[in-house]
Amino acid sequence: MSTGLSEQELLRRNSLSQLRELGINPYPAEAFEINANAADILANYEKDKTAYKTISIAGRIMGRNIMGAASFAELQDATGRIQVYLKRDELCPGEDKTLYNTVFKKLLDIGDFIGVKGYVFTTQTGEISIHVTQFTVLSKSLRPLPIVKRDDDGNVYDGFTNPELRYRQRYVDLTVNPGFKQIFINRSKVINTMRNYFDEQGWMEVETPILQAIHGGAAARPFATHHNTLDMPLYLRIANELYLKRLIVAGFDGVYEFGKMFRNEGMDRTHNPEFTSMEIYVAYKDYIWMMAMVEECLEKIAVAIHGSPIVKVGDHEINFEGPYEKLSMHESIQKYTGIDVSQMNEEQLKETCKKLGIETDATMGKGKLVDEIFSEKVEANLIQPTYITDYPLEMTPLAKKHRSKEGLVERFELFVMGKEIGNAYSELNDPIDQRERLVDQLKLAERGDDEAMAMDEDFLRALEYGMPPTSGLGIGIDRLVMLMTNQSTIQEVLFFPQMRPEKKAKVTTDEDFVNAGVAAEWVQVIRKMGINTLEELKAANPNKVFNDLGGMRKKLKLDLTMPSKEEVTAWFA
């Protein structure tokens, strides 16, 4: 029966056994003390050579040039790659040369972790390197890494580039494509810059429940679960808005939270069912104040990452320095369609959608119809940062009615590169008005709108105790990171995006090969040739398989009678 392991995997397991037989633990428990890293050495060695006379560094072997009594290897740590130089007689000054001749040259592989001690020097070709005086095996890699080749100019080819494999095996992706680490380093900078800015203002970071009895705070379809002990349904939160507002009621002047949200909806280049949002609520402010705050915050983030408020995104240069353009939702629709929808009723809006080729259904009220027109005809035009303001009341049940415009609310959404990045309100703090709005949401749910908000009696009770005038903001962190790192898909800025279940390759047994006509004594030989399934056998070239069998017979010194070309060809029938 086949183990299902490739020839490389079998060889590595054999090396693992040999290391243990030599008394070397391939997975030692002891800490390995580190006092240097690749990036620091390469950047600063020439400035102060005395500082690098005794160094200890660890990382993966990513390349080797095995020679006779001396060899070079490429070591990769979290900061980059550096060349190491090993000399047999310095590593093994006595008669026993096993550590170099056997362990390093034969039993270690690309992908293994080692720790090295030594000193830094410059080779005759001018490359800063580490002269190794000691090395320690820290972890044996049992799977071979994909081979990413580079030419003399540093150009990568034959790399690990399949997006599905990269996202599914991010641990491999970031090992062989370390340049992508910068995306996630910059993601951390986005969050930390925003957090530091908020903290400087005196606002407090808080945590609110992820499991919620009522899915509120946004128009979205939730994930449902069940708590066994309490025997009650619970929902993964679609927003944390209602809990953060409770804290404003409790007397905090400003609270914010970076948190995971979960929406049981579609997936595409800008949507993942699990995503990161930042929401902030500040008492005694309104949505006009919030616009200025957002501009200042986003400019700080752009400068922190790029040193400038101007960020290259695709073919555009996005300027995050305020002030940003402001258009009401009705103004934006009129600007890009020539149609004034501000006074239309539901039937007129449906007729307008029909003329514009926009599909509608019976569940859509006025707010959703306006939103569909905006989404289809306006969003893609909003490249530079633009505030879309003053939304129809039906669209926003948690925002305060506009102070001067009937039928609208005080809300803005920030759009950049045709996508919504942020959403803010002058928060509704009238508990009677809020109850009426949530009742209207229940009516939409009865019409079949599965994104309508639920009634939250405890939240209404909190408002009845009194909430001061408040401005609230939510920013999609993943989309903001996409902009700041010039990425076109959300999957590139998530370490582990949601994926469909992995398709398991069908295992072909030795018996399957025999039933297909392969002589039993040759099954393990063709496996060593890298053919492990009947599908791989059928896809191979019969003449090449015949020639390779002869080569393997000679290489492995097998005492087997060579099958005829006709017999091998019959395996492909």
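Residues numbered from 1 in each chain as written. Predicted model: local features only at pLDDT ≥ 70, side-chain atom pairs only at ≥ 80, totals over all residues. Heavy atoms only, no water.

Observations concerning the overall build of the protein
Broken down by element type, the protein carries 20 helices and 20 strands. Relative to the globule expectation of 25 Å for 573 residues, the C-alpha radius of gyration of the protein, 32 Å, shows a markedly less compact shape. For the protein, restricting intrachain contacts to residue pairs at least 6 apart in sequence, the fraction spanning at least 24 positions comes to 63%. Carbon and sulfur atoms provide 50% of the accessible area of the protein, an area that totals close to 29200 Å². Taken as two groups, the 69 positive and 86 negative side-chain charges of the protein have centres that lie 6 Å from each other. (Helix = DSSP H or I, 4+ residues; strand = E, 2+ residues; numbered from the N terminus. Rg over C-alpha atoms; globule rule 2.2 N^0.38 Å. Contact = heavy atoms within 4.5 Å. Areas by Shrake-Rupley, 256 points an atom, 1.4 Å probe, with all protein chains shown as cover. Lys, Arg positive; Asp, Glu negative; His and termini not counted. Charge placed at Lys NZ, Arg CZ, Asp CG, Glu CD.)

What to know about the sheet that holds strand β8 (residues 204–205)
Ordered by their spatial adjacency, eight strands build an open sheet running β8-β12-β13-β20-β19-β18-β17-β16, and the pairing between neighbours is mixed. Two strands lie at the open edges of the sheet, namely β8 and β16 (325–328), each paired on one side alone. Summarising the sheet, strand β19 (residues 419–426) and strand β20 (residues 470–476) pair through five bridges and their orientation is antiparallel. Paired with Ser-426 across the strands is Ser-471, a residue of β20. The strands touched by helix α7 (residues 181–200) within the sheet are β8, β12 (254–262), β13 (274–283) and β20, with β12 carrying the most contacts at an inclination of about 155 degrees. Against the sheet, helix α15 (residues 477–485) contacts β12, β13, β18 (408–416), β19 and β20, and its axis sits at roughly 60 degrees relative to β20. (Pairing = 2+ DSSP bridges. Axes fitted to C-alpha atoms, helices over the stretch in contact; angles between N-to-C directions.)

Overview of helix α8 (residues 241–249)
Since the α-helix packs 3.6 residues into each turn, any two residues three or four apart lie on the same face. Those residues of α8 that sit buried are Glu-241, Leu-242, Leu-244, Lys-245, Arg-246 and Ile-248. Lining the buried residues of α8 we find β12, β13, β19, α14 (457–465) and β20. At the exit of α8 stands Gly-251, carrying a positive phi of roughly 115 degrees. (Buried < 20%, exposed > 50% of the residue type's maximum accessible area, 1.4 Å probe, protein only.)

A look at helix α1 (residues 7–21)
Between its terminal C-alpha atoms α1 stretches 21 Å, which fits the 21 Å expected from 15 residues at 1.5 Å a residue. Every buried residue belonging to α1 is among Glu-9, Arg-12, Ser-15, Leu-16 and Leu-19, and all of these are buried. On an axial view of α1, the arc spanned by its buried residues comes to 115 degrees, and they lie on one face. Next to the buried residues of α1 lie α4 (98–107). Just downstream of α1, Gly-23 is the residue with a positive phi angle, here 85 degrees. (Expected span 1.5 Å × (residues − 1). Arc of directions from axis to C-beta.)

Observations concerning the nonpolar core
For soluble globular proteins, the rule of thumb is that nonpolar side chains tend to be buried together. By size, the foremost hydrophobic cluster in this structure holds 46 residues, and its most contacted members are Met-194, Phe-198, Met-278 and Phe-320. By residue number, the principal contributor to this core is helix α9 (residues 287–306), which donates ten residues. Not counting residues up to four positions away in its chain, the partners in contact with Phe-198 are Trp-203, Tyr-256, Met-278, Ile-280, Met-293 and Cys-297. (Core = buried A, V, L, I, M, F, W, Y, C linked by side-chain atoms within 4.5 Å.)

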